[in-house]
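Observations on the model geometry
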Amino acid sequence: RDEKKEIYHLEQAAIGGNALARHNLGCEEGSKGRIERAMKHFIIAASHGLDESIEMLKGWYADGYINKEIYDKARNLYQAAVDVRKSPQREAAKLAKQNMSDEQKQRDEILFKQPSSCHVGDCSICLLPLPLDVTRYEMIACCGKPVCGGCLYASVMRDGEVRDGEVVLDPKCPS
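Bear in mind the structure is a predicted one, so any value in this text is a computation, not a measurement. (Residues numbered from 1 in each chain as written. Predicted model: local features only at pLDDT ≥ 70, side-chain atom pairs only at ≥ 80, totals over all residues. Heavy atoms only, no water.)

Structurally, Ile44 is set in helix H3 (residues 35–47). Placed 34 residues apart in sequence, Ile44 and Tyr78 show a C-alpha to C-alpha distance of 9.0 Å. (Helix = DSSP H or I, 4+ residues; strand = E, 2+ residues; numbered from the N terminus.)

Encoded structure:
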């Protein structure tokens with residue numbers, strides 16, 4: 001596993017607004033003892049409404065790593081993000097789901113379950129399963145392997161280029 005590449009792609013995803021990537025960067029920073037940087041990542045992820053981040057900050061507050069002022073700020077940002085997602089339609093859907101029979105719940109669980117992978121396979125860079133939506137990944141020109149949208153974006157932003165609609169990621173591709 002190439003840790004530098006993983007961190008690079010997490011950073012690119014976090015810059016793009018991915019709250020889970022931001023949280024994972026916080027975990028990486030925290031494991032390296034860089035509490036201040038980790039805290040900033042967790043606060044930003046919590047401000048997007050990510051439960052895991054506010055729970056991490058709650059634990060850090062309880063353990064004395066952060067003060068009450070910082071925790072309260074993060075909690076307020078988290079609550080604001082959660083409140084924005086509330087709507088009468090979501091509440092009605094939640095109530096309808098609670099009133100479903102067990103048989104209906106089982107059918108919905110099977111119907112809406114994301115398959116573990118699709119026919120294309122995994123991204124050749126980050127090794128995560130490719131999404132079923134064919135517009136969210138591409139076949140790269142240099143080797144014909146599939147690359148997810150996040151890795152594609154990160155690679156093009158770093159040093160790749162697009163020629164005639166085909167993505168060229170690495171002129172020295174080992175494939």
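Structure's up, so let's keep going.
Attention now moves to unusual backbone geometry. Despite not being glycine, Leu127 has its phi angle at roughly 65°, a positive value. Position of Leu127 among the secondary structure elements: in the loop between helix H7 (102–112) and strand S1 (137–139).

The next thing to look at is the pattern of salt bridges. Tallied over the full model, the rule gives 6 salt bridges. Measuring nitrogen to oxygen at the nearest pair gives 3.2 Å for the salt bridge that ties Glu3 to Lys32. Placement of the pair is Glu3 in helix H1 (residues 3–15) and Lys32 in the loop between helix H2 (19–31) and H3, with a sequence separation of 29 residues. Of the charged contacts in the structure, one is a salt bridge between Lys86 and Asp83, with a shortest N-O distance of 3.7 Å. In this structure Lys86 comes out as partly exposed when scored by relative accessible area, which is 49%. Several salt bridges converge on common partners, so that one network encompasses Glu29, Arg34 and Arg37. (Salt bridge = Lys/Arg side-chain N within 4 Å of Asp/Glu carboxyl O. Buried < 20%, exposed > 50% of the residue type's maximum accessible area, 1.4 Å probe, protein only.)

Right, let's get into the packing of aromatic side chains. Evaluation of the coordinates by the stated rule reveals 3 aromatic pairs. A centroid spacing of 5.3 Å and a plane angle of 80° characterise the contact between Phe42 and Trp60, whose relative ring orientation is edge-to-face. One end of the pair, Phe42, is in helix H3; the other, Trp60, is in helix H4 (residues 51–63), and 18 residues separate them in sequence. (Phe/Tyr/Trp six-rings, centres within 6.5 Å; stacked < 30°, edge-to-face > 60°.)

Moving on, we get to the environment of Leu128. Considering the arrangement of structural elements, one finds Leu128 in the loop between H7 and S1. Residue classification places Leu128 among the exposed residues on the basis of a relative accessible area of 53%. Separated by 19 residues in sequence, Leu128 and Val147 place their C-alpha atoms 9.6 Å apart. Leave out the neighbours within four places in its chain, and Leu128 touches Asp122 and Cys123. (Contact = heavy atoms within 4.5 Å.)

These results come straight from atomic positions and should not be treated as a statement about function.
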